[in-house]
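Chain by chain, the residues:
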Amino acid sequence: MEILIEMKLMNLLIDIHAHLDHSLLIPKIDEIIGRAKNAGLKHIIANGINPETNRLCLELSKKYDIVKCAMGIYPRDALKKEAEKAEYPLKLTDFDINFDINEEIDFIRKNKNNVAAISEVGLDFVDGESKQQIEDFEKMISLAEELKKPIVVHSRRAEQKCIEILESSKLKNIIMHCFCGKKSLVKRIADNGWHLTVPTTVVRSQQFQEIVKNVPISQLFCETDSPYLSPYKGQWNEPAYVIESYNKIAEIKQMDITEAVNNVYMNWQRVFE
Ligand SMILES: [Zn+2]
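In this text the structure is predicted, and so the values were computed from the model without any measurement.

Participant: Describe the sheet that holds strand E7 (residues 195-199), listing the residues and the values that go with them.
Facilitator: Sheet architecture is open: eight strands sit in the order E1-E2-E3-E4-E5-E6-E7-E8, paired in parallel fashion. Only two strands of the sheet have a single partner each, and these edge strands are strand E1 (13-18) and strand E8 (220-223). Here the average twist between neighbouring strands, direction ignored, is 30 degrees. Pairing between E7 and E8: four bridges, direction parallel. Within E8, the residue paired with Pro-199 across the bridge is Glu-223. Docked against the sheet, helix H10 (residues 243-253) engages E1, E7 and E8, running at close to 145 degrees with respect to E8.

Rendered as structure tokens:
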């Protein structure tokens, strides 16, 4: 409780990656934003994954001062598979994957002044390699280069491929979201000067605790991936819980929580402002 009060005064917490448009969160979005403010959040990045959610994130960023909008195209076939096996109520339009990506790129370009990052984009080869995913990802990288925006990258069972494609780009402000690749790849990301996120599941995940241990704090961001990756079992995630990532960083890096928060905030300023 003491920590919460202290954090509220600091107001510098950032949730770099959340899906506020998600059908599990949107019906109670006012309360969720209220709790985030009480918990000391300064910014939440809401991430689009397709045309419909890109528009929703834009609306949310206009409605709530602490919300910033990121737009992207999530790996399309992976999105379809996720929709098919989802165990919560979904609007099917949330998972529309049949659209013209060039039209969507135009939309993002037109709204560039309201876009904080290109996200969520990347590769997801859980069901095998996909040519379309690689083409989409390359277009998203070119867009980030053109608009000079940071990019937040999803990489699942395609970690090395993602890194290779990104290394051949001109991008510098790269954030690898929820990275589950090998230790040697974590090192490669850190050596490249890119960033990694610390999701709230770090409270129980050895993988993310190792990332915190091995990567300098100047290259870390915190995220909830709400409504996913909850630190509390049996409960959906929300941005207010991002404090759990900061607490774990402070514990592992043996610094006080204020120092951890300030350090991650400086990363925000360097990459996003
Ligand atoms: Zn996500």
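Still more ground to cover, so stick around.
Participant: Mind laying out empty space enclosed by the protein, listing which residues take part and the relevant values?
Facilitator: Applying the stated criterion across every chain, the model contains one cavity of 30 Å³ or more. What the largest cavity holds in volume is close to 30 Å³. In terms of lining, the largest cavity is formed by Ile-73, Tyr-74, Pro-75, Arg-76, Gly-122, Gln-133, Asp-136, Phe-137 and Met-140. No other element matches the four residues that helix H6 (residues 131-147) contributes to the lining of the largest cavity. Across the lining of the largest cavity, the residue classes break down as five nonpolar, two polar and two charged.

Participant: Tell me about the packing of helix H3 (residues 51-63) against helix H5 (residues 101-110), residues and numbers included.
Facilitator: When two helices pack together, you describe them by how their axes are tilted relative to each other and by the distance separating the axes. For the pair H3 and H5, the least separation of the axes is 11 Å and the interaxial angle reads 10 degrees. Put simply, H3 runs roughly parallel to H5. Counting all contacts with H3, which are made through Pro-51, Asn-54, Arg-55 and Leu-58, the residues of H5 involved are Glu-104, Phe-107 and Ile-108. Along the lines of polarity and charge, the residues of the contact of H3 with H5 split into four nonpolar, one polar and two charged.

Calculation criteria
- Position labels on residues start from 1 in each chain and follow its written sequence.
- Residues qualify for local features only when their pLDDT is at least 70, as the model is predicted, and side-chain atom pairs are given and counted only at 80 or more; totals for whole chains, interfaces and linings, by contrast, use all residues.
- To get the side-chain values, all heavy atoms of the structure are used, and hydrogens and water are removed first.
- Two strands pair under a simple rule: DSSP has to find at least two bridges between them.
- Secondary structure elements are taken from DSSP: a helix is a run of H or I of four residues or more, a strand is a run of E of two residues or more, and numbering for both begins at the N terminus.
- To define axes, lines are fitted to C-alpha atoms, for helices over the stretch in contact only, and angles between the resulting N-to-C directions are given on a 0 to 180 degree scale.
- Residues count as neighbours in contact if any of their non-hydrogen atoms are within 4.5 Å of one another.
- Two kinds of site are reported from a 1 Å grid over the protein atoms alone, namely cavities, where a 1.4 Å probe fits but cannot get out, and pockets, open sets with protein on both sides within 12 Å along at least five of seven lines, and residues are called lining when an atom falls within 4 Å of a point.
- Grid points are joined across faces, edges and corners, and a volume is the space filled by probe spheres set on the points.
- In the scheme used here, Gly and all other residues not listed as nonpolar or charged are polar, with Ala, Val, Leu, Ile, Met, Phe, Trp, Tyr, Cys and Pro taken as nonpolar and Asp, Glu, Lys and Arg as charged.
- Orientation labels follow simple angle bins: below 35 degrees gives roughly parallel, above 145 gives roughly antiparallel, 65 to 115 gives roughly perpendicular, and whatever is left gives oblique.

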